[in-house]
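Structural description and commentary
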Amino acid sequence: MIEANKSCVDGLSVFLTVSSLAKSNNGLLRDRLIEINWNDAEPEKGDWVGLYDHHPDESGTDPLTQVSVTMTRGYIKSDYRLERMPLRIGQDPCLGYWIAYVRNNHVLLTNCLQIHPLWMENSKNVIGEIPLHALMIPGTHNSGSWKEYDGPSSDTVFLRYLVNQDESVYNQLMHGIRYLDIRVGYYTSSTNGEKFWVNHNFYRMRPLSSLINDVKKFAQETKEILILDFHRFPVGFDGRRDRHGQLVEYIDEELNQFMVPSSFWPNATPNEIWSANKSIIISYSDTRTAQQYPNLWPPLPQEWGDKRTLPDLKSFLNESIKKRGVKGQIWAAMAEFTPKPLDIVLRPTQGLRNMAQSVNIPITYWYHDKIWFTKSNVIASDFFLGNNLIQMSIDSNYKRAKCI
């Protein structure tokens with residue numbers, strides 16, 4: 001039995017993802033359903049892929065469900081749900097589900113749905129001397145716009161178009177996300193006294209302090225390098241430069257001991273950052289403010305296509321790679337669909353979960369292409385468990401370092 005691992009040679013792969021779709025029936029949640037995926041198979045008669053709630057034995061007996069393999073690539077959504085659970089450093093990384101490719105009662109390959117809380121540190125010998133702008137780094141779009149689905153109260157037309165993620169920021173980091181896309185609003189009055197909020201455009205989602213606390217907790221537990229991109233300030237900042245100062249002072253008060261000085265920009269390597277005993281890069285999109293503070297990095301370019309079809313999004317991302325992939329600076333590809341304002345009226349039953357479901361598996365395979373993964377840097381997505389970009393980033397960085 002061969003475990004899934006890093007290799008210079010592309011071959012059969014199996015992996016599990018989590019559907020972004022969510023609904024409830026008579027109080028029963030139908031969300032976070034496990035998806036079975038395989039790629040680069042050379043199927044023979046009788047081949048199948050199985051989903052398990054235990055590590056499969058060599059013959060692949062007792063699967064929860066199985067599907068025949070007749071094509072090189074395949075995807076099936078199961079009826080099994082990933083339960084919510086607390087995540088902690090040191091736990092078994094597998095989250096209770098395994099996948100196996102079986103031929104003639106013999107398991108050829110296995111994998112599990114797993115967290116990657118220490119993937120950068122564990123890859124130190126591979127990525128240590130490579131500039132961050134030359135690594136593939138998984139990220140989330142609108143990272144602070146998260147909400148756990150809990151039934152009808154989560155399924156309003158409004159929330160369908162506001163929620164981009166299904167996991168807390170801490171859980172995002174535990175899974176392996178290393179780039180956070182953050183939009184901040186300033187409010188002079190609020191019920192709990194918080195002035196800075198994480199926003200989705202003009203709507204406040206949760207206090208910024210909750211995001212900062214999650215980041216701080218993770219930074220205290222690991223040496224993983226995180227990029228916090230304070231990219232937009234949609235409410236309360238126009239004409240009020242003093243509020244940028246207040247925000248930076250708050251960030252510095254909470255995260256100063258971890259913050260990588262801007263003098264490391266743009267060619268910092270993980271080893272250089274670790275040698276300085278730092279781990280958090282703060283990119284700040286207001287250039288004037290960024291230039292005033294030694295711990296703020298310059299604005300980080302985002303390539304956002306405002307696209308709503310797969311061909312348009314793929315074309316845009318491909319052109320972005322050609323444009324940005326040779327410039328020697330950290331940049332982020334926003335690999336998600338964007339709704340039109342009228343979609344809330346014209347397509348009230350759709351929403352960001354449905355849009356992510358349409359995008360996440362295709363982008364997994366787009367970035368599997370050598371031309372894409374060798375030139376890409378940060379890739380941010382919605383409902384990130386629906387794609388395989390975290391594992392792909394780990395494997396692609398190995399290939400970039402050892403095979404090309």
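Residues numbered from 1 in each chain as written. Predicted model: local features only at pLDDT ≥ 70, side-chain atom pairs only at ≥ 80, totals over all residues. Heavy atoms only, no water.

1. Some details on the pattern of salt bridges
One side chain can pair with another of opposite charge once the charged atoms of both are near each other. Which entries qualify depends on this criterion: Salt-bridge detection follows one rule: a side-chain nitrogen of Lys or Arg within 4 Å of a carboxyl oxygen of Asp or Glu. Every helix listed is a DSSP run of H or I at least four residues long, and every strand listed is a run of E at least two residues long, numbered separately from the N terminus. Burial status follows relative accessibility: with a 1.4 Å probe on protein chains alone, a residue under 20% of its type maximum counts as buried, one over 50% as exposed, and anything between as partly exposed.
Scanning the model with the defined rule gives 25 salt bridges in all. For Asp 166, the salt bridge goes to Arg 32, with nearest N and O atoms at 2.9 Å. Here Asp 166 is found in the loop between helix 3 (157–160) and helix 4 (169–175), whereas its partner Arg 32 is found in the loop between strand 4 (28–31) and strand 5 (33–39), with 134 residues between them in sequence. Both residues of the pair, Asp 166 and Arg 32, belong to the buried class. Note that Asp 306 is salt-bridged to Arg 308, the shortest N-O span being 3.1 Å. The exposure class of Asp 306 is partly exposed, given its relative accessible area of 32%.

2. Re the sheet that holds strand 8 (residues 74–81)
In a beta sheet, neighbouring strands pair by backbone hydrogen bonds and run either parallel or antiparallel. Defined as follows: We call two strands paired when DSSP finds no fewer than two bridges between them. Where helices are involved, their axes are fitted lines through C-alpha atoms of the stretch in contact, as for all axes, and angles between N-to-C directions lie from 0 to 180°. When checking whether two residues touch, look at their non-hydrogen atoms; a contact exists if any pair is within 4.5 Å.
Across the sheet, three strands lie side by side as 2-5-8; this open sheet has antiparallel pairing. Of all the strands in the sheet, the pair left with one neighbour each is strand 2 (13–18) and strand 8. Ignoring which end each strand starts from, the neighbouring axes of this sheet average 25° apart. Alignment of strand 2 against strand 5, held across six bridges, turns out to be antiparallel. In the strand pairing of strand 5, Val 14 is matched with Trp 38. Sheet strands touched by helix 11 (residues 352–366): strand 2, strand 5 and strand 8. Its angle to strand 5, the strand with the most contacts, is close to 30°.

3. Some details on empty space enclosed by the protein
So the rule is basically this: Any residue with an atom within 4 Å of a point lines the site, the site being either a cavity, points on a 1 Å grid over the protein atoms alone where a 1.4 Å probe fits but cannot get out, or a pocket, an open set with protein on both sides within 12 Å along at least 5 of 7 lines. Grid points are joined across faces, edges and corners, and a volume is the space filled by probe spheres set on the points. Put simply, Ala, Val, Leu, Ile, Met, Phe, Trp, Tyr, Cys and Pro go in the nonpolar bin, Asp, Glu, Lys and Arg in the charged bin, and everything else, Gly too, in the polar bin.
Taken as a whole and assessed by the stated rule, the structure comprises three cavities of 30 Å³ or more. Size it by volume and the largest cavity reaches roughly 190 Å³. Within the residue set of the lining of the largest cavity, elements represented by two or more residues are strand 2, strand 10 (106–114) and helix 13 (389–402). For the second largest cavity, the calculated volume is near 90 Å³. Lining the second largest cavity are Val 18, Ser 19, Ser 20, Arg 32, Asp 166, Glu 167, Arg 353, Phe 383, Phe 384, Leu 385 and Gly 386. By residue class, the composition of the lining of the second largest cavity is four nonpolar, three polar and four charged.

4. Topic: the nonpolar core
What counts here: In plain words, nonpolar cores are sets of buried Ala, Val, Leu, Ile, Met, Phe, Trp, Tyr and Cys residues tied together by side-chain atoms within 4.5 Å.
Formed by 82 residues in total, the largest nonpolar core has its most connected members in Leu 208, Val 215, Leu 228, Phe 230 and Leu 255. The element that contributes the greatest number of residues to this core is helix 5 (residues 208–221), accounting for six residues. When near neighbours in sequence (up to four residues on either side) are disregarded, Leu 208 contacts Ile 182, Val 184, Phe 196, Trp 197, Val 198, Phe 230, Leu 247 and Tyr 250. By size, the runner-up hydrophobic cluster in this structure holds 26 residues, among which are Leu 317, Trp 366, Tyr 367 and Phe 383.

5. Structural notes on the pairing of strand 14 (residues 203–207)
Sheet topology places strand 13 (residues 196–200) next to strand 14; four bridges connect them, and they run antiparallel. The residue of strand 14 that forms the bridge with Trp 197 is Pro 207. Linking strand 13 back to strand 14 in an antiparallel pair, the connection comprises two residues, with Asn 201 at a positive phi of about 55°.

6. Some points on the packing of aromatic side chains
Keep this limit in mind: The pairing test for Phe, Tyr and Trp rings, Trp by its six-membered ring, is centres within 6.5 Å, and the orientation test on the planes gives stacked under 30 degrees, edge-to-face over 60, and tilted for anything in between. Geometrically, a charge over a ring is one whose NZ (Lys) or CZ (Arg) sits within 6 Å of the ring centre while staying within 35 degrees of the ring normal.
Applying the stated criterion across every chain, the model contains eleven aromatic pairs. Here the aromatic residues Tyr 186, Phe 196, Phe 230, Phe 233, Phe 237 and Tyr 284 are joined through ring pairs into a cluster of three or more. Directly above the ring of Tyr 365 sits Arg 73, whose terminal nitrogen or CZ lies 3.7 Å from the centroid. Arg 206 extends its terminal NZ or CZ atom over the ring of Trp 146, reaching a point 3.8 Å from the ring centre.

7. Describing the layout of surface pockets
If you add up the space inside the second largest pocket, you get close to 570 Å³. Considering the residues around the second largest pocket, the lining is formed by 24 residues, among which His 200, Asn 201, Trp 304, Thr 338 and Pro 339 are closest to the centre. Counted by class, the lining of the second largest pocket contains eleven nonpolar, seven polar and six charged residues.

By themselves, these figures tell us nothing about what the structure is for.
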